[in-house]
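# Residue-level structural notes
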Amino acid sequence: MSESKSYYDILGVSKDATKEQISKAYKKLAAKWHPDKNQNNQAEAEEKFKQISKAYAVLNDEEKLAGVCLVDIGGGSLELAVGVNESPDVALSLPLGALRLTKDHLEGDPYSKKSLRRLTDFVDTQIAEVLPTILQHQESDRSIGTSKTLRTIARLCGDWLQDDAKEIKADSLRRILPRLCEMTEEDRRDLPGVSATRARQIVAGALVSESIMRNLDIRKLEICPWALREGIILKWLDWARG
């Protein structure tokens, strides 16, 4: 579970609260923590009031309230987060990074069918262990993918199947996966957008992506060009404005 409070927690309401209940909770807390009424504790009051106002603005806006499932496949780990807007209800990190899995599980060039099956089984098992936790919170309207691995896969789907390179469709991923698995590392280096480093681990990244989309019933992943670095900058700017 994320350490940060959700917008519902900030206002002290349940996730099935009505608009009227949300509004009532907001007015009560806003009155309590208004800086003008907390002259002796103004710094804390200003911070609380800002959080309360932001929570109300999000929960009172249907567009901002849209649920999001975030997928990030790095070299060492897979990050999954599900929640509303920028406040995750659940955030998980699994040892399913593309480079780690390649080193630990894949053999041969091209990779042997036996090692590919072994890796697929391992990934499915790891995801199955956290599936109940994710599904408990997954009422997502959108699924977002962020990482070079996912951007590369989206580009391959675009080049090979004329898909939109800004997204990955589950059906398209399943179509390109056999071809990708049959290629040698040298062949993969010649693919558009695939660097020498990425050529080695892109197969593992694609297998993880397919398992996630299949197990979470994600039909489409929208590709976000930003990642951790940009997130830190945006968080800092948000803090600076406050």
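A few points on the structure. (Residues numbered from 1 in each chain as written. Predicted model: local features only at pLDDT ≥ 70, side-chain atom pairs only at ≥ 80, totals over all residues. Heavy atoms only, no water.)

A grouping of Asp109, Glu186, Asp187 and Asp190 is seen on the molecular surface, where their side chains present a negatively charged patch. Positionally, glutamate 186 belongs in helix α8 (residues 185-189). On the accessibility criterion, glutamate 186 (58% relative accessible area) is exposed. (Patch = residues over 30% accessible without salt bridge, like charges linked within 9 Å, V, L, I, M, F, W, Y side chains within 5 Å. Areas by Shrake-Rupley, 256 points an atom, 1.4 Å probe, with all protein chains shown as cover. Salt bridge = Lys/Arg side-chain N within 4 Å of Asp/Glu carboxyl O. Lys, Arg positive; Asp, Glu negative; His and termini not counted. Charge placed at Lys NZ, Arg CZ, Asp CG, Glu CD. Helix = DSSP H or I, 4+ residues; strand = E, 2+ residues; numbered from the N terminus. Buried < 20%, exposed > 50% of the residue type's maximum accessible area, 1.4 Å probe, protein only.)

Let's shift gears to the environment of glutamate 182. Looking at where glutamate 182 falls in the secondary structure, it is placed in helix α7 (residues 170-182). Residue glutamate 182 is classed as exposed on the basis of its relative accessible area of 62%. Linking glutamate 182 and glycine 108, residues 74 residues apart in sequence, is a C-alpha distance of 11 Å.

Along the chain, the position of cysteine 224 falls in the loop between β6 (220-223) and α10 (228-241). Expressed as a C-alpha distance, the spacing of cysteine 224 and glycine 12, which sit 212 residues apart in the sequence, is 32 Å.

Moving on to a positive patch on the surface. Residues Lys24, Lys28, Lys32 and Lys48 make up a contiguous surface patch of positive charge. In terms of residue count, the dominant contributor to the positive patch is helix α2 (residues 19-33) (three residues). Summarising the element assignment, lysine 28 is placed in helix α2. Look at lysine 28 and you get exposed, because its relative accessible area is 68%.

Here the structure, examined in full by the defined rule, presents ten salt bridges. Notably, a salt bridge pairs glutamate 210 with arginine 174, separated by 4.0 Å at the nearest N-O pair. Taken together, the residues span a long stretch of sequence, with glutamate 210 in helix α9 (residues 196-215) and arginine 174 in helix α7 at a distance of 36 residues. With a relative accessible area of 10%, glutamate 210 lands in the buried category.

In this structure, Val71, Leu78, Ile153, Ile168, Leu180, Val203 and Ile212 are the most contacted members of the largest nonpolar core, which totals 50 residues. Sort the elements by how many residues they give to this core and α9 lands first, with nine residues. Core analysis: the next-biggest nonpolar cluster, separate from the first, contains 17 residues, Trp33, Ile52, Ala55 and Leu59 among them. (Core = buried A, V, L, I, M, F, W, Y, C linked by side-chain atoms within 4.5 Å.)

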